[in-house]
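Single-letter residue listing:
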Amino acid sequence: MTRVETTDADIRRALHTKRLRQLRARPDTLVIDELGLAHAKSRIDVAVINGCIHGYEIKSAKDTLVRLATQIDIYRQTLQKLTIVAAPKHVAGIMTNAPEWCGVIAAEQGPKGGIAFHVLRNAVANPDIDPVMMAHLLWRDEVIELLDRAGYAPKDLRRPRKQLYKMLCEAMTLPEITASIRSFMVQR
């Protein structure tokens, strides 16, 4: 019997079914496929948003690691935690090149086609998060609403988007921004 290489869809389906099902059932948790980051410069395959923004990047057997360094650079700025879920052929390269705070899960396809997950390294808090880049997950009108609630003058709310994000990070803590991102995404 010829073994078929795993695809992104195979691993994603299994990830949702086996690893994220309990999180999806929680009312305080939002699970989003293909979340755009840094104004669509990159996408994370799956994002789990509750008290933290935890991204899951999938690297199937059919993928390469060519873009991973560029992806990790954006993830480092925008995600509070990152786990890379990868086919066994990619694990050594990921373990060598991904920062220590990145979690790594091997996604191995069994003889009957099912995917088994093996945690090789748990994700920990990203020490390099850029609150301004994380705030980019909010739309301009959402940032304006938050700044209005914080008491900013109407003239300040007309500033360029980049300035608005900086103002938001001065007005709110990282946990408050995370909670606001989750709240607005639920409403979208």
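Keep in mind it's a predicted model, so treat the numbers as computed, not measured.

Now for the pairing of strand S1 (residues 30-37). Here seven bridges tie S1 to strand S2 (residues 42-49), and the two strands are oriented antiparallel to one another. The partner of Asp 33 across the bridge, within S2, is Val 46. Following S1, the chain reverses through four residues before pairing antiparallel with S2; Ala 38 in that reversal takes a positive phi of roughly 50°.

Let's shift gears to the sheet that holds strand S3 (residues 53-59). Pairing within the open sheet is mixed, and its six strands lie in the order S1-S2-S3-S4-S5-S6. Looking at strand neighbours, the two that pair on one side only are S1 and strand S6 (115-121), the edges of this open sheet. Going from strand to strand, the sheet's axes swing by 30° on average, the running direction of each strand aside. Along the sheet face, helix H1 (residues 8-19) touches S1, S2, S3, strand S4 (81-86), strand S5 (103-109) and S6 and points at about 80° away from the line of S6. Against the sheet, helix H3 (residues 68-78) contacts S1, S2, S3 and S4, and its axis sits at roughly 45° relative to S2.

A few words on the environment of Glu 142. Looking at the secondary structure, you find Glu 142 in helix H6 (residues 140-149). You can call Glu 142 buried: its relative accessible area is 5%. The spacing of Glu 142 and Gln 77 is 65 residues in sequence and 20 Å in space, taken between C-alpha atoms. Beyond its immediate chain neighbours, meaning those up to four positions away, Glu 142 contacts Phe 184 and Arg 188.

Reading the values: the criteria
Residues numbered from 1 in each chain as written. Predicted model: local features only at pLDDT ≥ 70, side-chain atom pairs only at ≥ 80, totals over all residues. Heavy atoms only, no water. Pairing = 2+ DSSP bridges. Helix = DSSP H or I, 4+ residues; strand = E, 2+ residues; numbered from the N terminus. Axes fitted to C-alpha atoms, helices over the stretch in contact; angles between N-to-C directions. Contact = heavy atoms within 4.5 Å. Buried < 20%, exposed > 50% of the residue type's maximum accessible area, 1.4 Å probe, protein only.

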